[in-house]
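# Survey of secondary and tertiary structure
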Amino acid sequence: AAPLPKAQLTAPSHLPRPAWLAAARGMAAQVPASEPRVLATKGERKMFQEGEVRPLLESLAVQYYSAAPPPEDIVGFLIEQLQQQQCLPPPPEGALDEGDADEAEELREKVQDLKAHVEALQAKQRKPTLTYSKP
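Not measured: the values here are computed from a predicted model.

The next thing to look at is the pattern of salt bridges. Overall, the coordinates contain three salt bridges when judged by the stated rule. The partner of Glu 50 in a salt bridge is Lys 46, and the shortest N-O contact between them spans 3.9 Å. Placement of the pair is Glu 50 and Lys 46 together in helix H2 (residues 42–66), with a separation of four residues, close to one helical turn. The exposure class assigned to Lys 46 is partly exposed, which follows from its relative accessible area of 49%. The partner of Arg 54 in a salt bridge is Glu 58, and the shortest N-O contact between them spans 3.1 Å.

Here is the structure:
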């Protein structure tokens, strides 16, 4: 499971407490699948990590290291195992659709802008500062 963005780590006002609390505790049957899982407190995040994420990662590690010979395509192997364990559909294949391609291009542009900004800040930091010392 992908990590949740920080914005989703607080209890949303549009969900009643039992729904988001049930989601945090992994009780998916009580929470519609369309609603995101929200972890409101540090304790709930820890419980989710220890109760769901860690066992899943341990299971994947056991399957990977018990495969003989170990698969060369680690990512493909892990995706395949997740699909089997969680009964997930295969991820989309092929080229990005138009919306995804536009988003990817916007992200590339943002990355380039940020890199230029970082370089400018580093160049500014490298410039020697003039100091005046008394004779």
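Take helix H3 (residues 74–86) next. Helix length check: H3 (13 residues) gives 18 Å between terminal C-alpha atoms against 18 Å at 1.5 Å per residue, within 8%. The first or second residue beyond H3 is Cys 87, which carries a positive phi of 55°.

Geometry of a packed helix pair, given as the angle between the helix axes and the separation of the axes. Contact pair H2 / H3: the axes reach a minimum separation of 10 Å and the direction vectors enclose 120°. Looking at the two axes, H2 sits oblique to H3. Pair H2 / H3 crosses with right-handed handedness. When H2 is examined against H3, the residues Leu 56, Ser 59, Leu 60, Gln 63 and Tyr 64 are found in contact with a partner set consisting of Ile 74, Phe 77, Leu 78, Gln 81, Leu 82, Gln 85 and Gln 86. Residue composition of the contact of H2 with H3, by class: seven nonpolar, five polar and no charged.

Our focus in this paragraph is unusual backbone geometry. Of all residues except glycine, most have a negative phi; of all peptide bonds, most are trans. Cis geometry is found at the peptide bond from Ala 68 to Pro 69, where omega equals -10°. Structurally, Pro 69 is set in the loop between H2 and H3. A positive phi is found at Cys 87, a non-glycine position, where the angle reads about 55°. Turning to its location among the elements, Cys 87 is positioned in the loop between H3 and helix H4 (98–126).

About the cut-offs
Residues numbered from 1 in each chain as written. Predicted model: local features only at pLDDT ≥ 70, side-chain atom pairs only at ≥ 80, totals over all residues. Heavy atoms only, no water. Salt bridge = Lys/Arg side-chain N within 4 Å of Asp/Glu carboxyl O. Helix = DSSP H or I, 4+ residues; strand = E, 2+ residues; numbered from the N terminus. Buried < 20%, exposed > 50% of the residue type's maximum accessible area, 1.4 Å probe, protein only. Expected span 1.5 Å × (residues − 1). Axes fitted to C-alpha atoms, helices over the stretch in contact; angles between N-to-C directions. Parallel < 35°, antiparallel > 145°, perpendicular 65-115°, else oblique. Left-handed = near helix turned anticlockwise from the far one by under 90°. Contact = heavy atoms within 4.5 Å. Nonpolar A, V, L, I, M, F, W, Y, C, P; charged D, E, K, R; others polar.

Nothing here speaks to function; it is geometry throughout.
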